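# Structural overview for review
Take a look at the letters that make up each chain.
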Amino acid sequence: AQSVTQPDIHITVSEGASLELRCNYSYGATPYLFWYVQSPGQGLQLLLKYFSGDTLVQGIKGFEAEFKRSQSSFNLRKPSVHWSDAAEYFCAVAGPGGGNKLTFGTGTQLKVEL
Amino acid sequence: DGGITQSPKYLFRKEGQNVTLSCEQNLNHDAMYWYRQDPGQGLRLIYYSQIVNDFQKGDIAEGYSVSREKKESFPLTVTSAQKNPTAFYLCASSSRQDTQYFGPGTRLTVL
């Protein structure tokens, strides 16, 4: 069965600092990988996705993620965090064929200090 | 303006009552999904439907029911058999084999 681990429940960074959110997955073949962001009381917004090809993926709001097969990781990065980035971030994995069985991590809550 | 709508935004249920959460999409997506979100547990799949008049149980289907009579609509009923229904419910849709897009959610509280 596929699974996703986000080892950091909470992360606090200063505005302007760089950010890396960790995501490790377990899946027997090449997965489809996603990062979503959720503001309080809202739905999830897609930041970026990896299906195949270039392992460095660019997303919206200046985010990027790198797929590393050898480490089973798909970490999310941003070079300079803005106060509006404070939210909860979810990593998710699906088998080939896309989103029919999307498995989510438990999320990382990001706090940005001004 | 394309998207996914969920209603109501807030819903209160008395113990023993069934309640129905609405999910509508105008994205012409074939597949629709219902997730439950609890603090610290991420999202868990309740039911999904890949095509009209067909749906499958997800990981936590007990105490819930769905229907898919129209492509645009995928209502979720929380029955009295669901012992702990207080949660945030999210609906999503996707084209076949593609990314899921989410609605704004419904917060259900049991009184």
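Higher on the page you've got the structure.
Notes on the structure in this doc start here.

Parameters and conventions
Residues numbered from 1 in each chain as written. Chains lettered and ligands numbered in written order. Predicted model: local features only at pLDDT ≥ 70, side-chain atom pairs only at ≥ 80, totals over all residues. Heavy atoms only, no water. Pairing = 2+ DSSP bridges. Helix = DSSP H or I, 4+ residues; strand = E, 2+ residues; numbered from the N terminus. Axes fitted to C-alpha atoms, helices over the stretch in contact; angles between N-to-C directions. Polar contact = N/O pair within 3.5 Å; in protein donor to acceptor, adjacent residues only side chain to side chain. Contact = heavy atoms within 4.5 Å. Buried < 20%, exposed > 50% of the residue type's maximum accessible area, 1.4 Å probe, protein only. Core = buried A, V, L, I, M, F, W, Y, C linked by side-chain atoms within 4.5 Å.

## Regarding the sheet that holds strand β8 (residues 76–78) of chain B
Residues and elements named next belong to chain B.
- Judged by pairing direction, the sheet is antiparallel, and its four strands sit side by side in the order β1-β3-β8-β7 without closing on themselves. Looking along the sheet, the strands with just one partner apiece sit at the ends: β1 (4–7) and β7 (64–66). The sheet shows a mean angle of 20° between the axes of neighbouring strands, taken without regard to direction.

## Considerations on the side chain of B:Thr99
- Tracing the backbone through its elements, the reader meets B:Thr99 in the loop between β9 (87–94) and β10 (101–102).
- A distance of 2.9 Å separates a polar atom in the side chain of B:Thr99 from a polar atom in the side chain of A:Lys49.
- Apart from the residues lying within four places of it in its own chain, the contact partners of B:Thr99 are A:Phe34, A:Tyr36, A:Leu46, A:Lys49, A:Phe51, B:Ser93 and B:Ser94.

## A short note on unusual backbone geometry
Residue and element names in this part refer to chain B.
- The omega torsion across Ser7 and Pro8 is -5°, close enough to zero to call that bond cis.
- In this fold, Pro8 is placed in the loop between β1 and β2 (10–13).
- Positive phi, close to 60°, is recorded for Asn28, a residue that is not glycine.
- Given the relative accessible area of 56%, Asn28 is considered exposed.
- One non-glycine residue, Asn53, adopts positive backbone phi at about 70°.

## Comments concerning the nonpolar core
Residues and elements named next belong to chain A.
- Counting 26 residues, the largest nonpolar core has Leu19, Trp35, Leu47, Leu48, Phe74, Leu76 and Tyr89 as the members making the most contacts within it.
- Those elements giving two or more residues to this core turn out to be β2 (10–14), β3 (19–21), β5 (32–38), β6 (44–50), β8 (64–68), β9 (73–78), β10 (87–94) and β12 (108–113).
- The biggest single contributor to this core is β10, with four residues.
- Those residues in contact with Tyr89, other than ones at most four positions away along the chain, are Gln6, Leu21, Trp35, Tyr36, Val37, Leu47, Phe63, Leu76, Gly107, Thr108 and Leu110.

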